[in-house]
Amino acid sequence: GREEEMSALTQAVESALLGRSRSVLLVGPSGYGKSRLLAEAREYAALRGVRCVAVRAEATLASHPWAAVREICKVLIAQQALQELHQIHGYDALT
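Everything quoted here is computed from the prediction, not taken from an experiment.

**Q** Would you mind showing me how to read the overall build of the chain here?
**A** Helix and strand counts for the chain come out as three helices and zero strands. When the helices and strands of the chain are placed in sequence order, the string is α-α-α. Considering the chain as a whole, with its 95 residues, one finds that 12% of them fall into the buried category. Put simply, 45% of the contacts in the chain that link residues at least 6 apart link residues at least 24 apart. Carbon and sulfur atoms make up 56% of the accessible area of the chain, which totals about 7600 Å².

Structure (structure tokens):
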């Protein structure tokens with residue numbers, strides 16, 4: 001099973017609840033179950049009230065050390081913009 005990996009992810013969530021944010025890097029070959037493991041961890045985090053951001057690091061960006069951080073920032077900015085649109089206009093901008 002994936003008990004050891006899931007335990008590490010749930011520990012990261014619990015750490016965040018204590019004010020100690022963490023980054024987690026999932027690495028493995030195609031078909032290894034990274035997406036499923038991440039989905040389970042995000043579900044656990046949501047149940048605990050922890051916000052998660054996930055980005056996919058493409059091999060073409062591997063030579064750029066800040067590429068993943070840039071992608072995370074893009075996701076956070078987009079989420080903030082959608083939240084502000086919802087607050088201003090009272091609807092989900094995606095629908």
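**Q** Mind showing me how you'd approach the layout of surface pockets here?
**A** Over the atoms, a rolled probe matching the size of one water molecule traces out where space is still vacant. In this structure, the largest pocket encloses a volume near 1200 Å³. In this structure, the largest pocket is lined by 31 residues; those nearest its centre are Val-24, Leu-38, Val-53, Ala-54 and Val-55. The element contributing the most residues to the lining of the largest pocket is helix α2 (residues 34-47), with six residues. Residue classes in the lining of the largest pocket are distributed as 20 nonpolar, six polar and five charged.

**Q** Which parts of the structure should I look at to understand the environment of Tyr-32?
**A** Residue position: Tyr-32 is located in the loop between α1 (3-17) and α2. On the basis of relative accessibility, which here comes to 42%, the residue Tyr-32 falls in the partly exposed class. Leaving out residues up to four positions away in the same chain, Tyr-32 has contacts with Arg-2 and Glu-5.

**Q** Any chance you could explain the pattern of salt bridges here in plain terms?
**A** With the rule as written, the count across this model stands at four salt bridges. Residues Glu-71 and Arg-70 are paired through a salt bridge, measuring 3.8 Å at the closest nitrogen-oxygen approach. The partner of Lys-74 in a salt bridge is Glu-71, and the shortest N-O contact between them spans 3.3 Å. In this pair, Lys-74 and Glu-71 are both assigned in helix α3 (residues 67-89), three residues apart and thus about one turn of the helix distant. Put simply, Arg-70, Glu-71 and Lys-74 are held in one network by salt bridges that share partners.

What counts and how
Along each chain, numbering runs from 1 in the same order as the chain's sequence is written. Only residues with pLDDT of at least 70 are given local features in this predicted model, and only at 80 or more are side-chain atom pairs given and counted; all residues enter the totals for whole chains, interfaces and linings. In computing side-chain values, all of the structure's heavy atoms are included and hydrogens and water are not. To qualify as a helix, a DSSP run of H or I must reach at least 4 residues; to qualify as a strand, a run of E must reach at least 2; elements of each kind are numbered from the N terminus. Buried residues are those whose accessible area, probed at 1.4 Å on protein chains only, stays under 20% of the maximum for their type, while exposed residues exceed 50% and partly exposed ones sit between those limits. Two residues form a contact once any of their heavy atoms are found within 4.5 Å. Per-residue and other accessible areas follow the Shrake-Rupley method at a 1.4 Å probe size, with only the shown protein chains counted as cover for residues. The way it works is a 1 Å grid over only the protein atoms, where trapped points that fit a 1.4 Å probe form a cavity and open points with protein on both sides within 12 Å along at least five of seven lines form a pocket, and then any residue with an atom within 4 Å of a point lines it. Grid points are joined across faces, edges and corners, and a volume is the space filled by probe spheres set on the points. Under the scheme applied, nonpolar residues are Ala, Val, Leu, Ile, Met, Phe, Trp, Tyr, Cys and Pro; charged residues are Asp, Glu, Lys and Arg; polar residues are all the others, including Gly. Any Lys or Arg side-chain nitrogen located within 4 Å of an Asp or Glu carboxyl oxygen qualifies as a salt bridge.

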